[in-house]
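Next come the chains, spelled out residue by residue.
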Amino acid sequence: MRTYVVTGGAGFIGSNNLENLKDVENRDNYTFIRADVCDAAAINKIFQENDVQRVVHFAAESHVDRSIKNPTVFVETNVLGTLVMLNAAKAAWELPDGTFKPDHKFLHVSTDEVYGSLSNPNDYFYETTKYDPHSPYSASKASSDFMVKAFMDTYKFPANITNCSNNYGPYQFPEKLIPLTINNALHGRALPIYGDGKNIRDWLYVEDHAKGIDMVQEKGRLFETYNIGGHNERQNIQIVKTIIRTLQELLPDDDPRKANVSEDLITYVTDRKGHDRRYAIAPDKIKKEVGWYPETCFEDGIRKTVKWYLEHQEWMEHCISGDYQKYYEDMYKNR
Ligand code: DAU
C-alpha cells in the first residue's frame, strides 16, 4: 500500500472544509493533519514519520478577486508553500548519490491562467504555450510552477505539473462564479456579472479533473507537464443562464425559493481588474499519452452540481455564515 500526502486535501479539488471529508474520516488508512504548507518544521515531520511515496500538491490560495485585494498571501502560500513541500520531499527522497528513491513522485496541481488570455478564437493553450500570467494569483501559480520546473531541471527531482481549466462541481466555495450564482439565485439576490459577461472559461467537472491527476501520476512521463481541460468553453453569461434554467427545472413547484429564481436577477457590474478574456485548453497530450478524456459533458455536470447544492443547503449555509458575509460585502460593494 502506498502512502500519499495530499496537500489542500480539505479544499475543493483535493476534497473545502472538513465536512467534505466525512466519507473518509473513519477509514484506517486515512489521517487528517492540520498544518500550514509554509510551516517547514510541520511538513518535514510528516515526511520523517511516514514513508511518503506520492505527493499531490493542491494547497493554494485560488481566488483571483482575493489576489487583486491582497497579493501577499498568494505569494506566501503558493510560492513559499510549494518550495517548502519540494524541499521536504527532496530531503526525504534523495539518496546519497543524488538520485531519488524509485517510484516516489510529486505532482504539482496548477492552472491554465499561467498562460494568460487568448485573443484569437482558434487558439488554445498547449503545454508549450509561453507563460504570460496577469493576475497576482496567476503570477504566484506561474512562480510555483517554475520552482517545480527548477527542481526537476536542477536535481532531476521526480515530479509532474498539471495545468487545469476552471473546475466546477460539489463542495466548491461560494466565492466562485457557479456556486455564487446558485446561492444568490436561491436567495433572490443579484447575480453579479463582471463586464459584458462574454469572458470565456473552459469548464471541467471536478471528478474528471481528479481522475486526470491520478492518471498523470501513474501513467504520465516523469518531468512532463500535462494540461487538463474539459473542451467546454462557455461565456459567463451562458453559465449563469444555464444555472437559472436548471434551478427552475429542479426546484419543485411548492419550494418557496423557486419564485426567487429568475433572469431578472442578472446584474452587470464593474469588470474585474485585468480580467482575462478567454481560457481554453487543448487536452491533446494527456489524451494521447495517458488516455484521459473529460467524461462528463457540461449539461450532465451542471445538473449534478446544481442538484448537489440543492441537497446540501446546510453545507452552503455553513460556508456563508462566517467571514463570507464580510468578504462578499467588501468585494461587491461599489461594483
Ligand atoms: O482557469 C482555472 C482557474 O479558474 C483556477 O486556477 C482558479 O483557482 C479558479 O478560481 C478559476 O478562476 P476564475 O477567475 O476563472 O474563476 P471565477 O469563478 O472567480 O470566475 C469565473 C468567471 O466569472 C470569470 O471570468 C469572472 C466571472 N465572474 C466571477 C464572479 C465570482 C463574474 O462575472 N461574477 C462573479 O461574481
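Attention in this report is confined to the structure presented alongside it.

**Quick notes on the environment of histidine 209**
- Inspection of the secondary structure assignment puts histidine 209 in helix 6 (residues 206-219).
- Taking the C-alpha atoms as reference points, histidine 209 and cysteine 297, 88 residues apart in sequence, are found 13 Å from one another.
- When neighbours within four sequence positions are excluded, histidine 209 is seen to be in contact with Ile13, Val109, Cys164, Asn167, Leu204 and Ile228.

**What about unusual backbone geometry?**
- In this structure, lysine 156 takes a positive phi of about 60° despite not being glycine.
- Relative to the helices and strands, lysine 156 is located in the loop between helix 4 (136-155) and strand 4 (159-164).
- Judged by relative accessible area, lysine 156 falls into the exposed class, the value being 54%.
- You will see that tyrosine 171, though not glycine, has its phi angle at about 70°, which is positive.
- Relative to the assigned elements, tyrosine 171 resides in the loop between strand 5 (166-168) and helix 5 (177-186).

**A word on the nonpolar core**
- Formed by 40 residues in total, the largest nonpolar core has its most connected members in Ile178, Ile182 and Leu247.
- Counting residues in each nonpolar core, the second largest holds 22 residues, with Ala59, Leu86, Val148 and Met152 among its members.

**Structural notes on the site of the ligand**
- Near the ligand, the surroundings consist of 24 residues, among which Asp112, Tyr137, Arg272, His275 and Tyr332 are the closest.
- Within the side chain of histidine 275, a nitrogen or oxygen atom sits 2.7 Å from an oxygen atom of the ligand.
- For the ligand, whose unbound accessible area comes to 690 Å², protein coverage reaches 95%.
- Elements supplying a minimum of two residues to the shell around the ligand: helix 5 and strand 6 (191-194).
- Per-class residue counts for the shell around the ligand are 10 nonpolar, 8 polar and 6 charged.

**Points about the packing of aromatic side chains**
- Tallied over the full model, the rule gives 24 aromatic pairs.
- Note on tyrosine 115 and tyrosine 131: the rings are 5.5 Å apart at their centroids and 90° apart in plane angle, and the pair reads as edge-to-face. With a gap of 16 residues between them, tyrosine 115 in the loop between strand 3 (105-111) and helix 4 and tyrosine 131 in the loop between strand 3 and helix 4 connect regions that are remote in the sequence.
- Both rings, one in tyrosine 131 and one in phenylalanine 146, keep their centres 5.0 Å apart while their planes meet at 45°; by these two values the pair is tilted. With tyrosine 131 in the loop between strand 3 and helix 4 and phenylalanine 146 in helix 4, this pair connects stretches of sequence that are 15 residues apart.
- On the accessibility criterion, tyrosine 131 (14% relative accessible area) is buried.
- Given the relative accessible area of 47%, phenylalanine 146 is considered partly exposed.

What counts, and at which threshold
- Residues numbered from 1 in each chain as written.
- Predicted model: local features only at pLDDT ≥ 70, side-chain atom pairs only at ≥ 80, totals over all residues.
- Heavy atoms only, no water.
- Helix = DSSP H or I, 4+ residues; strand = E, 2+ residues; numbered from the N terminus.
- Contact = heavy atoms within 4.5 Å.
- Buried < 20%, exposed > 50% of the residue type's maximum accessible area, 1.4 Å probe, protein only.
- Core = buried A, V, L, I, M, F, W, Y, C linked by side-chain atoms within 4.5 Å.
- Near = heavy atom within 4 Å.
- Polar contact = N/O pair within 3.5 Å; in protein donor to acceptor, adjacent residues only side chain to side chain.
- Areas by Shrake-Rupley, 256 points an atom, 1.4 Å probe, with all protein chains shown as cover.
- Nonpolar A, V, L, I, M, F, W, Y, C, P; charged D, E, K, R; others polar.
- Phe/Tyr/Trp six-rings, centres within 6.5 Å; stacked < 30°, edge-to-face > 60°.

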